[in-house]
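One-letter residues, chain by chain:
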Amino acid sequence: VKGDINAGSITVHAGAAVSGQIDARSVVIHGSVSGIVRASSIAIGPTGRIDGELHYGLLNIETGAEIAARCVPGRAIEPAEARHQTGGFRQRQLG
């Protein structure tokens, strides 16, 4: 996927790739992401790859994940903001 994604919950599956900005309440990465990720919760699995920036409230990185990113802890995107940006919560599965 090339472009920006706004949703309540995003999962990037192994083998999938995203190039762009992701704004969500929750992001799970098992594939590859190049760009800026903003979420209250970000989890990067053992097959996950990130190149860019992570803005998060909670970050979980599993052994094997590859991170080449600027990590910015603190306030990320809150559920009300995600709902406002997307017109309601949605869950997206990529891959």
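As the structure is a prediction and not an experimental result, all values here were calculated from the model.

*Asks:* Would you mind showing me how to read the overall build of the protein chain here?
*Replies:* A tally of regular secondary structure across the protein chain gives one helix and seven strands. Ordered by position from N to C terminus, the α and β elements of the protein chain give β-β-β-β-β-β-α-β. Among the 95 residues that make up the protein chain, the fraction classed as buried is 38%. Considering only contacts in the protein chain between residues 6 or more positions apart, those separated by 24 or more positions represent 20%. Of the roughly 4900 Å² of accessible surface on the protein chain, a fraction of 48% belongs to carbon and sulfur atoms.

*Asks:* I tried to follow the environment of Arg 49 on my own but got confused; where do I start?
*Replies:* You can see Arg 49 is positioned in strand S5 (residues 49–61). A relative accessible area of 29% places Arg 49 in the partly exposed class. The residues contacting Arg 49, other than those within four sequence positions of it, are Ile 29, Gly 31, Ser 32, Val 33, Gly 64, Ala 65 and Glu 66. Within the structure, Arg 49 has its side chain in polar contact with the backbone oxygen of Pro 46 (distance 3.4 Å). Polar side-chain contacts of Arg 49 include one of 3.3 Å to the backbone oxygen of Gly 64.

*Asks:* Before we go on, may I ask you to explain the environment of Gly 3 in this structure?
*Replies:* Tracing the sequence through the fold places Gly 3 in the segment before strand S1 (5–12). A residue is classified by how much of its surface remains accessible, and Gly 3, at 28% relative accessible area, is partly exposed. Measuring from C-alpha to C-alpha, the distance between Gly 3 and Ser 19 comes to 6.2 Å, with 16 residues separating the pair along the chain. Filtering out sequence-adjacent residues up to four positions away, Gly 3 remains in contact with Ser 19, Gly 20 and Gln 21.

*Asks:* Is there a simple way to explain the nonpolar core in this structure?
*Replies:* Generally speaking, a soluble globular protein has its nonpolar side chains buried in company with each other. By size, the foremost hydrophobic cluster in this structure holds 19 residues, and its most contacted members are Ile 10, Val 27, Val 33, Val 37 and Ile 42. With five residues, the top contributor of residues to this core is strand S4 (residues 32–44). Non-local contacts of Ile 42, meaning those with residues more than four positions away in its chain, are made with Val 27, Ile 29, Val 37, Leu 54, His 55, Tyr 56, Leu 58, Leu 59 and Asn 60.

Quick notes on the rules
- Residues numbered from 1 in each chain as written.
- Predicted model: local features only at pLDDT ≥ 70, side-chain atom pairs only at ≥ 80, totals over all residues.
- Heavy atoms only, no water.
- Helix = DSSP H or I, 4+ residues; strand = E, 2+ residues; numbered from the N terminus.
- Buried < 20%, exposed > 50% of the residue type's maximum accessible area, 1.4 Å probe, protein only.
- Contact = heavy atoms within 4.5 Å.
- Areas by Shrake-Rupley, 256 points an atom, 1.4 Å probe, with all protein chains shown as cover.
- Polar contact = N/O pair within 3.5 Å; in protein donor to acceptor, adjacent residues only side chain to side chain.
- Core = buried A, V, L, I, M, F, W, Y, C linked by side-chain atoms within 4.5 Å.

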